[in-house]
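# Understanding the architecture of this molecule
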Amino acid sequence: PFEPATPAIRDMVVAPDGLVYGLAEPNRLFVFDPLQGEILSDEPITGYGAASGYQAPRCMIVGPDDNIYALFREAVVRIDPGTRAHTAIARPPVQITSGIAICNNRLYFGCISRLFSCAIDV
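Predicted model only: the values in this text are computed from it and were never measured.

About the thresholds
- Residues numbered from 1 in each chain as written.
- Predicted model: local features only at pLDDT ≥ 70, side-chain atom pairs only at ≥ 80, totals over all residues.
- Heavy atoms only, no water.
- Helix = DSSP H or I, 4+ residues; strand = E, 2+ residues; numbered from the N terminus.
- Buried < 20%, exposed > 50% of the residue type's maximum accessible area, 1.4 Å probe, protein only.
- Areas by Shrake-Rupley, 256 points an atom, 1.4 Å probe, with all protein chains shown as cover.
- Salt bridge = Lys/Arg side-chain N within 4 Å of Asp/Glu carboxyl O.
- Contact = heavy atoms within 4.5 Å.
- Pairing = 2+ DSSP bridges.

### Details of the overall build of the protein chain
The secondary structure content of the protein chain amounts to zero helices and eleven strands. Listing the helices and strands of the protein chain from first to last along the sequence gives β-β-β-β-β-β-β-β-β-β-β. Taking all 122 residues of the protein chain together, 42% fall into the buried category. Accessible area of the protein chain: about 6,300 Å², with a carbon and sulfur share of 53%.

The following block contains the structure:
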């Protein structure tokens, strides 16, 4: 169980290091070790708004560069699995509501009824 409790887990991905990285509401990044069955880290990730996702729950993806990309309502964020450092790589002019897909080094996501994309450097 999470301490403090969370109303929901938005998404989870398995990174190349074998750990599970996830977003819990409203804006918590957690790291879970499935071999040990324990949460290694659980901390707020601020400055980007709450995790996105409404009815489309996918808001995280592992990129071709082995970084994790996550959608928040106000930004597309790159997370380094090794250090857990995070950086906004795009801030669209409207709220992010859904996504996430990577094709040809571009990350695609939805903002209400509009499709946006941003480049990812690999």
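Once you've had a look at it, read on.
### What about the pattern of salt bridges?
In total, this model carries three salt bridges according to the counting rule given. The shortest N-O distance in the salt bridge between Arg10 and Glu25 comes to 2.8 Å. In this pair, Arg10 is assigned in strand 1 (residues 9-14) and Glu25 in the loop between strand 2 (20-24) and strand 3 (28-33), connecting sequence segments 15 residues apart. The salt bridge partner of Arg58 is Asp11, with a shortest N-O separation of 3.2 Å. With Arg58 in the loop between strand 4 (38-44) and strand 5 (60-62) and Asp11 in strand 1, this residue pair connects regions lying 47 residues apart in the sequence.

### Re unusual backbone geometry
A cis geometry characterises the amide bond from Glu25 onward to Pro26, with omega recorded as -5°. Tracing the backbone through its elements, the reader meets Pro26 in the loop between strand 2 and strand 3. The backbone of Asp66 shows a phi angle near 70°, a positive value even though the residue is not glycine. By secondary structure assignment, the location of Asp66 is in the loop between strand 5 and strand 6 (68-71).

### Considerations on the environment of Ala15
On the secondary structure map, Ala15 appears in the loop between strand 1 and strand 2. Among all residues touching Ala15, those that are not within four sequence positions of it are Tyr21, Val62, Ile68 and Pro81.

### Considering the pairing of strand 4
Strand direction decides the pairing type here: strand 3 and strand 4, joined by six bridges, are antiparallel. The residue of strand 4 that forms the bridge with Phe30 is Asp42. Between strand 3 and the antiparallel strand that follows it, strand 4, lie four residues; Gly37 among them carries a positive phi value of about 70°.

### A few points about the side chain of Asn27
Locating Asn27 in the fold gives a position in the loop between strand 2 and strand 3. Leaving out residues up to four positions away in the same chain, Asn27 has contacts with Glu43, Pro44, Ile45, Thr46, Gly49 and Phe72.

### A few points about the pairing of strand 7 (residues 76-79)
Here strand 6 pairs with strand 7 via four bridges, running antiparallel. Within strand 7, the position partnered with Ala70 by the bridge is Val77. In this structure, the hairpin formed by strand 6 and strand 7 is closed by a connection of four residues. Sheet analysis places strand 7 next to strand 8 (residues 86-90), joined by four bridges and oriented antiparallel. For Val77, the partnering residue across the bridge sits in strand 8 and is Ala88.

Honestly, it's all geometry; don't read function into it.
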